[in-house]
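Close look at the chain arrangement
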Amino acid sequence: MRTGLFTLAGMVGVMGSFLWEAVQPKQPSNQPVASEVQDLDCSKASQFLRIRRDEKGQPVALETAIVRYVPMDCSQTSPTVDLVAAVHVGEKSYYQQLNREFQHYDAVLYELVAPEGTRVPKGGGRPSGHPVSFLQITLSNMLNLTHQLQEIDYTAKHFVHADMSPEQLSKAMKDRGEALWKMMLRVMGYSLAKQTGAEGPAPEIEILLALFDKNRAFALKRAMALQFEDMEGMTRAMDGPEGSSLIAGRNQAALAVLRRQLAEGKKKLAIFYGAAHMPDMERRLKEDFGLVPIQTRWLVAWDLRSPESIKPTAKKPSAKTRSNILQN
């Protein structure tokens, strides 16, 4: 039955930041090849997370998008706002590239359910006891990945906290009559509907087989990544027809900060939030700010290539070895 895994993937992807009461460089041969830049049709909804496959249809990478938005009035060239979609556990190289990307903005607005103005210390600080935090740390260890809070440099001066506090979120959920278990039930109902006519082994079977694979981390990573392909559908199910505090409410809080940053004269901004937040965020940028998407760039978040297909990087000979070669 698909319900358990869909719920797990949805909760990890959508609730990932409910934590803590707190031009692309050429990639080396042992990294997945980066995707090309895509120009967009601004009349269509953007994509923020995808699985890239090779010519044989095999997954090679889980990728997240950086989508650029500009004023609908073509006579204006600024401001630009980039929606930087994130997954909260990923390859170390993924977060290293994000850190390089963030250097080019006037302001980076980031998510974190924490008191206003919270700064994450380098390395993420003391681990949180929150169940979602525990789940993400466990997943990152099982999949040989690393955690976002450990790798992103939130201490940069142009990083701006743009989220609710725990008290604000709790009050908003109470006022709306929301409960996490109700959201989970909606996701479970959605996943049950998705089972109709589904072919192939159930995800739980794939996960079970992956646990006994000789390369467990790789097999689990592929099995888990494939569940993210329907992230948008799971997000709609969790958010509900009226929107939720967890997604829509927090997005409103982030965009209120964006409006203040624009009023201060910032011209190039990024909103760094989980991929599940981005469809609603895009809609609000269009309707409330008059911004339209023009371009997408894709970053490799998880390397899904089989270990056998990755060519090992040749090791440079040591100084002693080079000396012996020269002498001979």
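The following paragraphs examine the structure supplied in this document. The structure presented is a predicted model; accordingly, all values stated were derived computationally and were not measured. (Residues numbered from 1 in each chain as written. Predicted model: local features only at pLDDT ≥ 70, side-chain atom pairs only at ≥ 80, totals over all residues. Heavy atoms only, no water.)

A look at the packing of helix H5 (residues 166-176) against helix H10 (residues 245-263)
- Close contact between H5 and H10 brings their axes to 10 Å; oriented N to C, the two are set at 120 degrees. One finds that H5 runs oblique with respect to H10. Both H5 and H10 take part in a crossing whose hand is right-handed. The segment H5 lies against H10, with Leu169, Ala172, Met173 and Arg176 engaging Ser245, Leu246 and Arg250. (Axes fitted to C-alpha atoms, helices over the stretch in contact; angles between N-to-C directions. Helix = DSSP H or I, 4+ residues; strand = E, 2+ residues; numbered from the N terminus. Parallel < 35°, antiparallel > 145°, perpendicular 65-115°, else oblique. Left-handed = near helix turned anticlockwise from the far one by under 90°. Contact = heavy atoms within 4.5 Å.)

Re the pattern of salt bridges
- Taken as a whole and assessed by the stated rule, the structure comprises 15 salt bridges.
- Here glutamate 264 and lysine 266 are joined by a salt bridge, their closest N and O atoms 3.9 Å apart.
- With relative accessibility at 55%, the residue glutamate 264 sits in the exposed group.
- The class of lysine 266 is partly exposed, set by a relative accessible area of 25%.
- A salt bridge links glutamate 287 to arginine 283; the nearest nitrogen and oxygen atoms lie 3.1 Å apart. Residue glutamate 287 and its partner arginine 283 are located together in helix H11 (residues 278-289), separated by 4 residues, close to a single helical turn.
- Given the relative accessible area of 55%, glutamate 287 is considered exposed.
- A residue is classified by how much of its surface remains accessible, and arginine 283, at 37% relative accessible area, is partly exposed.
- Each of Asp280, Arg283, Arg284 and Glu287 takes part in one network of salt bridges that share partners. (Salt bridge = Lys/Arg side-chain N within 4 Å of Asp/Glu carboxyl O. Buried < 20%, exposed > 50% of the residue type's maximum accessible area, 1.4 Å probe, protein only.)

A word on the pairing of strand E2 (residues 49-53)
- Within E2, 4 of the 5 residues are buried, leaving the element largely enclosed by the surrounding structure.
- As paired elements, E2 and strand E3 (residues 59-71) share 5 bridges and run antiparallel to each other. In the strand pairing of E3, isoleucine 51 is matched with leucine 62.
- In this antiparallel pair of consecutive strands, E2 and E3, the connection spans 5 residues, and glycine 57 shows a positive phi of 85 degrees. (Pairing = 2+ DSSP bridges.)

Re helix H8 (residues 216-226)
- Buried residues dominate H8, accounting for 9 of its 11 residues.
- Considered for burial, the residues of H8 that qualify are Ala217, Phe218, Ala219, Leu220, Lys221, Arg222, Ala223, Met224 and Ala225.

That is the geometry; function is a separate question.
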